[in-house]
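Analysis of the macromolecular model
What follows is each chain in one-letter form.
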Amino acid sequence: MAATGRRQRLRRPACWALMAVLLADLLALSDTLAVMSVDLGSESMKVAIVKPGVPMEIVLNKESRRKTPVMVTLKENERFFGDSAAGMAIKNPKATLRYFQHLLGKQADNPHVALYRARFPEHELSFDPQRQTVHFQISPQLQFSPEEVLGMILNYSRSLAEDFAEQPIKDAVITVPAFFNQAERRAVLQAARMAGLKVLQLINDNTATALSYGVFRRKDINTTAQNIMFYDMGSGSTVCTIVTYQTVKTKEAGMQPQLQIRGVGFDRTLGGLEMELRLREHLAGLFNEQRKGQRAKDVRENPRAMAKLLREANRLKTVLSANADHMAQIEGLMDDVDFKAKVTRVEFEELCADLFERVPGPVQQALQSAEMSLDEIEQVILVGGATRVPKVQEVLLKAVGKEELGKNINADEAAAMGAVYQAAALSKAFKVKPFVVRDAVVYPILVEFTREVEEEPGVRSLKHNKRVLFSRMGPYPQRKVITFNRYSHDFNFHINYGDLGFLGPEDLRVFGSQNLTTVKLKGVGESFKKYPDYESKGIKAHFNLDESGVLSLDRVESVFETVVEDSPEEESTLTKLGNTISSLFGGGATPDAKENGTDSVQEEEESPAEGSKDEPGEQAELKEEAGAPREDASPPPPPAPEGDTGPEEAKAAEKEDGDRSEAPKPGEKGEAGPEGAPAAPQEEKKQKPARKQKMVEEIGVELVILDVPDLAEAELARSVQKLEDLTSRDLEKQEREKAANSLEAFIFETQDKLDQPEYQEVSTEEQREDISGKLRAASSWLEDEGFGATTAKLKEKLAELKKLCQGLFFRVEERKKWPERLSALDNLLNHSSMFLKGARLIPEMDQIFTEVEMTTLEKVINETWAWKNATVAEQAKLPATDKPVLLSKDIEAKMMALDREVQYLLNKAKFAKPRPRPKDKNGTRTEPPLNASDSDQGEKVIPPAGQTEDAEPIPEPEKVEAAESEPASPETLELGGPGAASEQEQPARQKQPVKNDEL
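Residues numbered from 1 in each chain as written. Predicted model: local features only at pLDDT ≥ 70, side-chain atom pairs only at ≥ 80, totals over all residues. Heavy atoms only, no water.

1. Section: a negative patch on the surface
The grouping of Glu744, Glu783, Asp784 and Glu785 at the surface amounts to a negative patch. The residue glutamate 785 is located in the loop between helix H21 (765-784) and helix H22 (791-804) in this model. (Patch = residues over 30% accessible without salt bridge, like charges linked within 9 Å, V, L, I, M, F, W, Y side chains within 5 Å. Areas by Shrake-Rupley, 256 points an atom, 1.4 Å probe, with all protein chains shown as cover. Salt bridge = Lys/Arg side-chain N within 4 Å of Asp/Glu carboxyl O. Lys, Arg positive; Asp, Glu negative; His and termini not counted. Charge placed at Lys NZ, Arg CZ, Asp CG, Glu CD. Helix = DSSP H or I, 4+ residues; strand = E, 2+ residues; numbered from the N terminus.)

2. A look at the sheet that holds strand S8 (residues 125-128)
With antiparallel pairing, 3 strands are arranged side by side in an open sheet as S8-S9-S10. The open sheet is flanked by S8 and strand S10 (143-144), the only strands paired with a single partner. Of the pairings in the sheet, the one linking strand S9 (residues 133-137) to S10 comprises 2 bridges and is antiparallel in character. Along S10, the bridge assignment pairs phenylalanine 136 with phenylalanine 144. (Pairing = 2+ DSSP bridges.)

3. Quick notes on the packing of aromatic side chains
Evaluated as defined, the whole model comprises 29 aromatic pairs. When the ring of tyrosine 443 is compared with that of phenylalanine 502, the centres are 6.3 Å apart and the planes differ by 15 degrees; the resulting orientation is stacked. Separated by 59 residues along the polypeptide, tyrosine 443 in the loop between strand S19 (436-440) and strand S20 (445-456) and phenylalanine 502 in the loop between strand S24 (492-497) and helix H14 (505-511) bring together distant segments of the chain. Owing to a relative accessible area of 6%, tyrosine 443 belongs among the buried residues under this scheme. Phenylalanine 502 gets classed as partly exposed once you look at its relative accessible area, which sits at 26%. Pairing phenylalanine 484 with tyrosine 487 gives two aromatic rings, centres 6.2 Å apart and planes at 75 degrees, and the pair type is edge-to-face. The class for tyrosine 487 is buried, based on a relative accessible area of 6%. One residue, lysine 753, lies across the ring of phenylalanine 809, its end atom 4.8 Å from the ring centre. Sitting above the plane of the tryptophan 781 ring, lysine 797 keeps its charged end 5.1 Å from the centroid. (Phe/Tyr/Trp six-rings, centres within 6.5 Å; stacked < 30°, edge-to-face > 60°. Buried < 20%, exposed > 50% of the residue type's maximum accessible area, 1.4 Å probe, protein only. Lys NZ or Arg CZ within 6 Å of the ring centre and 35° of its normal.)

4. With respect to the sheet that holds strand S22 (residues 475-476)
Strand order in this open sheet of 6 strands is S18-S13-S14-S15-S19-S22, and the pairing throughout is mixed. A single partner strand is all that each edge strand has here, and the edge strands are strand S18 (379-383) and S22. Both strand S13 (residues 226-233) and S18 contribute to a ladder of 5 bridges, which runs parallel. Counted as the bridge partner of tyrosine 231 is leucine 382 from S18.

5. Digging into the confidence of the model for the protein chain
Averaged over every residue, the pLDDT of the protein chain is 80; residues scoring 70 or more account for 76%. Confidence drops under pLDDT 50 across residues 25-31; counting only partners more than four residues distant or on other chains, this segment forms 3 contacts. This model gives residues 923-999 a pLDDT under 50, and the stretch forms 57 contacts once residues within four places in sequence are excluded. (pLDDT = per-residue confidence, 0-100. Contact = heavy atoms within 4.5 Å.)

6. Focus on empty space enclosed by the protein
Evaluated as defined, the whole model comprises 12 cavities of 30 Å³ or more. Forming the boundary of the largest cavity are 15 residues, of which Gln182, Arg185, Val441, Val442 and Gly549 lie nearest the centre. Each residue belonging to the lining of the largest cavity can be placed in one class, and the counts come to 10 nonpolar, 4 polar and 1 charged. Split by domain, the lining of the largest cavity shows at least three residues from each of two domains, domain 1 (35-270 + 359-439) and domain 3 (443-565). As a volume, the second largest cavity reaches approximately 50 Å³. Lining the second largest cavity are Leu103, Leu104, Gly105, Lys106, Arg131, Thr133, Val134, Ser145, Pro146 and Glu147. Breaking the lining of the second largest cavity down by element, the ones donating at least two residues are S9 and helix H4 (146-165). Considered class by class, the residues forming the lining of the second largest cavity number 4 nonpolar, 3 polar and 3 charged. (1 Å grid on protein atoms, 1.4 Å probe; cavity = no way out; pocket = protein on both sides within 12 Å on 5 of 7 lines; lining within 4 Å. Points joined across faces, edges and corners; volume = space filled by probe spheres on them. Nonpolar A, V, L, I, M, F, W, Y, C, P; charged D, E, K, R; others polar. Domains from an automatic or database assignment.)

7. Here we look at the side chain of serine 126
With respect to the helices, strands and loops of the structure, serine 126 is situated in strand S8. Polar side-chain contacts of serine 126 include one of 3.3 Å to the side chain of glutamine 137. If we ignore the near neighbours within four places in the chain, the residues touching serine 126 are Thr133, Val134, His135, Gln137 and Gln143. (Polar contact = N/O pair within 3.5 Å; in protein donor to acceptor, adjacent residues only side chain to side chain.)

8. Quick look at the pattern of salt bridges
Under the criterion given, the structure shown has 46 salt bridges. The partner of arginine 315 in a salt bridge is glutamate 312, with the nearest N and O atoms 2.4 Å apart. Residue arginine 315 and its partner glutamate 312 are located together in helix H8 (residues 303-320), separated by 3 residues, close to a single helical turn. By relative accessible area, which is 8% here, glutamate 312 ends up buried. Beyond isolated ion pairs, a larger network of salt bridges with shared partners links Lys75, Glu78, Lys733 and Glu737.

9. Considering the pairing of strand S14 (residues 238-250)
Burial runs high along S14: 11 of the 13 residues are buried. Here S13 runs beside S14; their pairing, made up of 8 bridges, is antiparallel. Bridge pairing in S14 links isoleucine 228 to valine 243. The loop that links S13 with its antiparallel partner S14 comprises 4 residues.

Here's what the structure looks like:
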């Protein structure tokens, strides 16, 4: 029975082990949840990740740097990224691509394309006739679009993040410049698709910087608005942003901090790169002057020399920011001629004088767009690497009129940290403190359409109409609906940019096409024929400007409405039944809104935009749409006059996510009507039993992209496959290099080991000679034929050598493990024997272990002692060169078996309950002896309420220990010896109540 009970008890630890395995699987699943952000700059990028246990950490690249150059070298059989590509830029400048983001979303006739050719003449740009864009022509067989090159960079950034996080990553937030238009943003999204990334959001880098600043200063934000200006001068461009911080009341989380972009100004070409190009040109002129009389070629005609000069100009700009002068020097600049020249900060400032004059420009643009003055700006904070140039700070400080410029933010990593915080907020795997972000539209977007009107009888003319869809500096993400009321047949309308007068002539040329899309609607006339008896409520076009700032047309619908009259008896019965059900579940909405598909008209995700400047008629249109499901319980709005050809021709309804009105809507689920009384539907029913019914017909849409056409799906699939093939080739190359390095390292390490005494001790001279000969042969093969060997052949050679040396390595490893393993086994045997000895000394009435259990433990101890002594003796007789019989795995198995027996008894002692004390025959305790002392009889303990005072005294454990011939050792107490067990049992026995029959 004891053995059966023991087996049953052993099932419980097995269940706990199974639960532990399941919990480990769940934790492993949670570890796969990670997101990343990529701060994609012109010159370098910063990657950050968030994963469980790692909050907002900058990723280190393979060179353990926090910043990675945005460069890629494309050769016929290999690619290089980051710092490796920067090194290859000197050797092969034509194949090393950089600053290619300036070509995203640009057609071939864009001034930026010509500027790129002038800056980097070594790159050959070919023309793409299908999209009117350019390609990088590396060789006759290799050509890549800017989107494909960016896709390679994004894929490389993901590999860095996955290596750092030690888990796969798919979700990402990518930063883009605030001045990117629709074509440029779509190009970045296409590049991310090529890289296999799921883009949670394209966040403007100025917004990401502002978010990072606010997140780390959350406690300083209150209801008082704080206006902060961020001046970001990077390598390729400059952006100035005015941000307002304050706490606002949100519906979901109460009072939360919010940042709102109020103004944006920018200069697309003002940055550190232009300063470096000026320095490069200056250094090239100095070098040509030094070789003027030698009839040497112009250094500008040598791409490698110009690449060296650009790298030196970058270093020189950094050094001159902290020093008044510095010596520029390049070894073997051209034709093995060294270059050395002294450049002062004054010369550098003179070279870039016109650039410094453009520094205040973005500040003025930002103030104008925000309609603010410098007095309202509390602080100006510097961001970006180029702001470290002293002259930039001097000119900017004078322009803003402040005492000092703020430098209390990490100029390089702020955008990456803000973007990764936004990634964690958008991801479902993390929960972060809310921080409301209200970005602003930089370029306004409007809708244009043309309609025939009859101004005089018999005279018809075309009238061109414009309606602003998203105004400049309006918040986004945002949804809007435009209603066309005067069309009953198929028609077209156009989506274009609005007034871009804030851009200069050169910026307008760089901006590209101001026409976005032509929308062709098909099926409008058929929808009118399908519902001839219904009243038309117009053609509604639903637009969405999402979190990434990308505009999309969600759907176009033709909406019709009619009045349906119900009989009073039927209506009364249904109303009573509906009111009864609503009162039970707390709802107040009527079920009529769900008939005939009218639920598609209700735009639950859309609400009026805060601060919109639409006309009153447009707001009325919005309320009509938002309250459509309840139109049966409310009087119909007055119809618009037919003769009005004013703004009612196209009514815009602003809808912005997350900014719903605080007043509850009558049609919302679970909310009461305007009066808050459930009797309102009955009153309206008595007044007007008729209800309205809406019908919605989907309209076919054909989109014609007018700015820069997107890649067709087939072309996009080919680009994705091209990048995947390149990645597979790179991985195969890395695997082959790894196999070759492993083989070479094994050969050298094994040859060195053969001369070590510990290896010579366990091997004969013949064995070492055989191994050494095989190693020399493999080394010769690797030098002669290994260069062209496949990965499989290299791994096969390595496996053969490892098999040859397996016995030698095994004997050495076993001898290294013997002392530690045998010492641990001896300690466990001694402790187990002392524990068993103490368990047998427990009195019979207090014994918690059965004889079977103690006998089983004794048997295991004896068997382990016997095995250990016999195996050690047998091993001592064997020569060191033979296979050992004393194995470390056998020692560990014996230790596990013995430890399992001891742990079972320890757990039993830990959870054992004290046995009840024996009673007298008459149920009363014995009286104290007559010769007991008065002091013993006089001392009485008053028991607590509910406990009798005749509890029996408990024998002290010292009496048991006194019977032992030896004092208990500390090890016995640690393992739960009899003394410790008795002390644990005392409180339980003292608190045990005595029954009534014992009194």
